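Structural characterization, general
As a plain string of letters, each chain reads:
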Amino acid sequence: MGRPGFGALLKYELIVVVAQAVPGALGLVLRRWLYPLLLGGCGRNVVFGQNVVLRHPHKIHVGDDVVVDDNCLLDAKGETNRGIRIGNGVFVGRNTILSCKNGDIELADGANLGFNCEVFSASRVTIGARVLVAAYCYVIGGDHDFADGERPVLDQERRSAGVTIGDGAWLGAGATILDGVSVGPHAIVGAGAVVRTDIPAHAVAVGIPARVVSTRAL
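Quick caveat, the model's predicted, so the values are computed rather than measured. Residue indices follow the written sequence of each chain, beginning from 1 at its first position. Under the rules for a predicted model, residues below a pLDDT of 70 receive no local features and side-chain atom pairs below 80 are neither given nor counted, while totals for whole chains, interfaces and linings still include all residues. Excluded from the side-chain calculations are hydrogens and water; all other atoms, namely the structure's heavy atoms, are used.

Here the focus is the sheet that holds strand 13 (residues 124-127). The strand order 1-4-7-10-13-18-21 describes an open sheet built from seven strands, whose pairing is parallel. The sheet terminates laterally at strand 1 (41-42) and strand 21 (182-183), the two strands that pair on one side only. Two strands are counted as paired when DSSP detects at least two bridges linking them. Helix and strand labels come from DSSP, where a helix needs a run of H or I of at least four residues and a strand needs a run of E of at least two; each type is numbered from the N terminus. As defined by bridge partners, strand 4 (residues 60-62) adjoins strand 7 (residues 84-86) across three bridges and the pair is classed as parallel. Across the sheet, residue I60 finds its bridge partner in strand 7, namely I84.

In structure tokens:
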């Protein structure tokens, strides 16, 4: 939970036991009342689905009119990071994971993440306003160093340059955005694409690795 002390642990455990798994309208009401007591900040009209898991919740800030659907994980862990910032009017689809490893994740106003997505950050991942992220997308703001062939990858340092998804972009179902990539505003990434290099604004990119095939009319 990210904070020392028995009192903080007791508060966290009580809220989880009372509210996390409760189904139906009663569960929605309980979580709307109780989850904000754990968070670093929480706006109005926020809906938390059943079995939403909060880790290091004091570093999670949520705006107004947000929906976090069933079975999501919001994990803001880290020692020096700011954590997770979710803007107004954001939708986070069920089974989606926002995972920090001492990094930051920002979802700007109106961003929409579909079902079964994962956003990982070991430095900074920013998803802009009104971005549409379809189901099963993976945004990877970090990577493993594998230069030493004699050592397991797990024993080598993690590196991260971060990811930026510009306002109004669309990631098709199953797209993967690798570390260090910037997707420009209003760009489109096709379903199943693997993006290894920057995508310009208004471009349409498809394939593995993704390449620009056209530009949207302005």
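By way of backbone hydrogen bonds, the strands of a sheet pair with one another, either parallel or antiparallel. With parallel pairing, seven strands are arranged side by side in an open sheet as 3-6-9-12-15-20-23. Either end of the sheet is taken by a strand with one partner, and the two such strands are strand 3 (53-55) and strand 23 (194-195). Alignment of strand 9 (residues 97-100) against strand 12 (residues 118-121), held across four bridges, turns out to be parallel. Note on strand 12: the bridge partner recorded for C100 is S121.

Looking at the element boundaries, N45 is found in the loop between strand 1 and strand 2 (47-48). A sequence separation of 44 residues divides N45 from G89, and the C-alpha atoms of the two residues are 9.6 Å apart. Between two residues, a contact is recorded if the distance between any of their heavy atoms is within 4.5 Å. Not counting residues up to four positions away in its chain, the partners in contact with N45 are R32, D65 and V66. Under the rule applied, a polar contact is a pair of N or O atoms within 3.5 Å (in protein, one hydrogen donor and one hydrogen acceptor; residues adjacent in sequence only if both atoms are side-chain atoms). At a separation of 3.2 Å, a polar atom in the side chain of N45 contacts the side chain of D65.

Here the focus is the packing of aromatic side chains. Side-chain rings of Phe, Tyr and Trp, where Trp is taken by its six-membered ring, are said to pair if the distance between their centres is within 6.5 Å; with planes under 30 degrees apart they count as stacked, over 60 as edge-to-face, and otherwise as tilted. Scanning the model with the defined rule gives one aromatic pair in all. Ring plane angle 55° and centroid distance 5.1 Å describe the contact between Y35 and F48, whose orientation is recorded as tilted. You can see Y35 sitting in the loop between helix 2 (24-34) and strand 1 and its partner F48 sitting in strand 2, a full 13 residues away along the chain. Residues Y35 and F48 agree in their burial class; the two are buried. Here's how the labels work: a residue is buried when its accessible area is under 20% of the maximum for its type, exposed when over 50%, partly exposed in between, all with a 1.4 Å probe on protein chains only.

With that settled, consider the nonpolar core. Counting residues in hydrophobic clusters, the biggest one holds 54 residues, and the most contacted among them are L107 and I177. Secondary structure elements with two or more residues in this core: helix 1 (6-20), strand 4, strand 7, strand 9, strand 10 (104-107), strand 13, strand 18 (163-165) and strand 24 (203-206). Per-element accounting of this core gives the leading share, four residues, to helix 1. The residues contacting L107, other than those within four sequence positions of it, are R85, I86, G87, V90, V92, L98, L113 and I127. To define a nonpolar core, start from buried Ala, Val, Leu, Ile, Met, Phe, Trp, Tyr and Cys residues and group those joined through side-chain atoms within 4.5 Å.

Turning our eyes to something else, we now look at the pattern of salt bridges. By convention in these notes, a salt bridge is any Lys or Arg side-chain nitrogen within 4 Å of a carboxyl oxygen on Asp or Glu. As enumerated under the stated definition, the model contains six salt bridges in all. Taking the shortest distance from any N to any O, the salt bridge between D64 and R44 comes out at 3.4 Å. With a gap of 20 residues between them, D64 in the loop between strand 4 and strand 5 (67-68) and R44 in the loop between strand 1 and strand 2 connect regions that are remote in the sequence. A residue is classified by how much of its surface remains accessible, and R44, at 61% relative accessible area, is exposed. Note that R55 and D75 form a salt bridge whose closest N and O atoms lie 3.9 Å from each other. Placement of the pair is R55 in strand 3 and D75 in strand 6 (residues 73-75), with a sequence separation of 20 residues.

As a further point, take unusual backbone geometry. Glycine aside, a negative phi is what most residues show, and trans is what most peptide bonds show. Backbone torsion omega between I208 and P209 reads -10°, so that peptide bond is classified as cis. If you trace the backbone, P209 turns up in the loop between strand 24 and strand 25 (211-215). The backbone of N71 sits at a positive phi, close to 65°, despite the residue not being glycine. Secondary-structure assignment places N71 in the loop between strand 5 and strand 6. On the basis of relative accessible area, N71 is assigned to the partly exposed category, the value being 39%. Non-glycine residue Y136 carries a positive phi angle of around 65°. Examined against the element boundaries, Y136 turns out to sit in the loop between strand 14 (132-133) and strand 15 (138-141). We classify Y136 as exposed; its relative accessible area is 57%.

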